[in-house]
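Next come the chains, spelled out residue by residue.
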Amino acid sequence: MIEVLKQFYSVHYNVGALCVLVFMGLFFVLTKKNYRTALILAVILTAFNIFIYNKTANRVWTLTEGEQTWKFSVLKDWTIKDEKGVVHHWCWLDEWWYQISKTDLVGKLWGTKEVESYRKTSEERMDQ
């Protein structure tokens, strides 16, 4: 489990920074002898790491760019460097971020008809 988490945090250091922040909060709360909050933070930190381990261990992700295809797994090829020196990586967190980033937030909030009308009026203003 430790090897999987070390590999995961070495690539996704923002998630690792979040865990370090929760751990520092846990340490701070323990110095103030607030054991109830410390227990809650310890459970959150443990559950978060177990969730990451279960989503990452023994899985393989495939990334296709153009004609090239790479397969990524945590214990075999977590990052792949191509002949140009570019480092490639893909896993469940990247898939989640890709799904979130292509979501049209305005379309979800107001509906697609209103978004289309706003887009048309914006384009008409730009043409003037």
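Residues numbered from 1 in each chain as written. Predicted model: local features only at pLDDT ≥ 70, side-chain atom pairs only at ≥ 80, totals over all residues. Heavy atoms only, no water.

A. The pairing of strand E1 (residues 60–65), seen in detail. When E1 meets strand E2 (residues 68–73), the two strands line up antiparallel, connected through six bridges. Each bridged residue has a counterpart across the sheet, and for Glu65 the counterpart in E2 is Gln68. Count of turn residues in the E1/E2 antiparallel hairpin: two residues, of which Gly66 carries a positive phi of about 65°. (Pairing = 2+ DSSP bridges. Helix = DSSP H or I, 4+ residues; strand = E, 2+ residues; numbered from the N terminus.)

B. Up close: helix H3 (residues 35–56). In a regular helix each residue adds 1.5 Å, so 22 residues correspond to 32 Å; H3 covers 31 Å between its end C-alpha atoms and thus fits that length. Along H3, the residues classified as buried are Ala38, Leu41, Leu45, Asn49, Ile52 and Thr56. Summarising the axial view, the buried residues of H3 lie within an arc of 70°, below the 170-degree limit, and thus occupy one face. Relative to its buried face, H3 has exposed residues pointing more than 90 degrees away, namely Arg36 and Leu39. Where H3 is buried, its residues contact helix H1 (2–11), helix H2 (13–31), E1 and helix H4 (92–101). A positive phi of about 55° marks Asn58, the residue just after H3. (Expected span 1.5 Å × (residues − 1). Buried < 20%, exposed > 50% of the residue type's maximum accessible area, 1.4 Å probe, protein only. Arc of directions from axis to C-beta. Contact = heavy atoms within 4.5 Å.)

C. Spotlight on the nonpolar core. In this structure, Phe8, Ile52, Trp61, Phe72, Trp78, Cys91 and Trp92 are the most contacted members of the largest nonpolar core, which totals 16 residues. Elements with a contribution of two residues or more to this core: H1, E1 and E2. Per-element tally for this core: the top contributor is H1, with three residues. Ignoring any residue separated from it by four or fewer positions in sequence, one finds Phe72 in contact with Arg59, Val60, Trp61, Leu63, Asp77, Trp78, Ile80, His88, His89 and Trp90. Residues Cys19, Val22, Ala38 and Leu45 belong to the second largest nonpolar core, which totals seven residues. (Core = buried A, V, L, I, M, F, W, Y, C linked by side-chain atoms within 4.5 Å.)

D. Main features of the pattern of salt bridges. Applying the stated criterion to the full structure yields one salt bridge. For Glu3, the salt bridge identified is with Lys6, shortest N-O distance 3.3 Å. Residue Glu3 and its partner Lys6 are located together in helix H1, separated by three residues, close to a single helical turn. Relative accessible area serves as the criterion here: at 49%, Lys6 is assigned to the partly exposed category. (Salt bridge = Lys/Arg side-chain N within 4 Å of Asp/Glu carboxyl O.)

E. Molecular detail of unusual backbone geometry. Positive phi, normally seen in glycine, also occurs at Lys33, with a value near 60°. When you line up the elements, Lys33 lands in the loop between H2 and H3. Residue class for Lys33 comes out exposed when judged on its relative accessible area of 61%. Its identity is not glycine, yet Asn58 carries a phi of approximately 55°, on the positive side.

F. Highlighting a nonpolar patch on the surface. Together, Val20, Phe23 and Met24 make up a nonpolar patch on the protein surface, roughly 310 Å² of accessible area in all. Topologically, Met24 is positioned in helix H2. Overall, the relative accessible area of 52% leaves Met24 in the exposed class. (Patch = residues over 30% accessible without salt bridge, like charges linked within 9 Å, V, L, I, M, F, W, Y side chains within 5 Å. Areas by Shrake-Rupley, 256 points an atom, 1.4 Å probe, with all protein chains shown as cover.)

G. Structural context of the environment of Ser101. With respect to the helices and strands, the residue Ser101 is situated in helix H4. In this structure Ser101 comes out as partly exposed when scored by relative accessible area, which is 46%. A polar atom in the side chain of Ser101 sits 3.0 Å from the backbone oxygen of Tyr98. (Polar contact = N/O pair within 3.5 Å; in protein donor to acceptor, adjacent residues only side chain to side chain.)

Any functional reading would require information that these geometric values do not contain.
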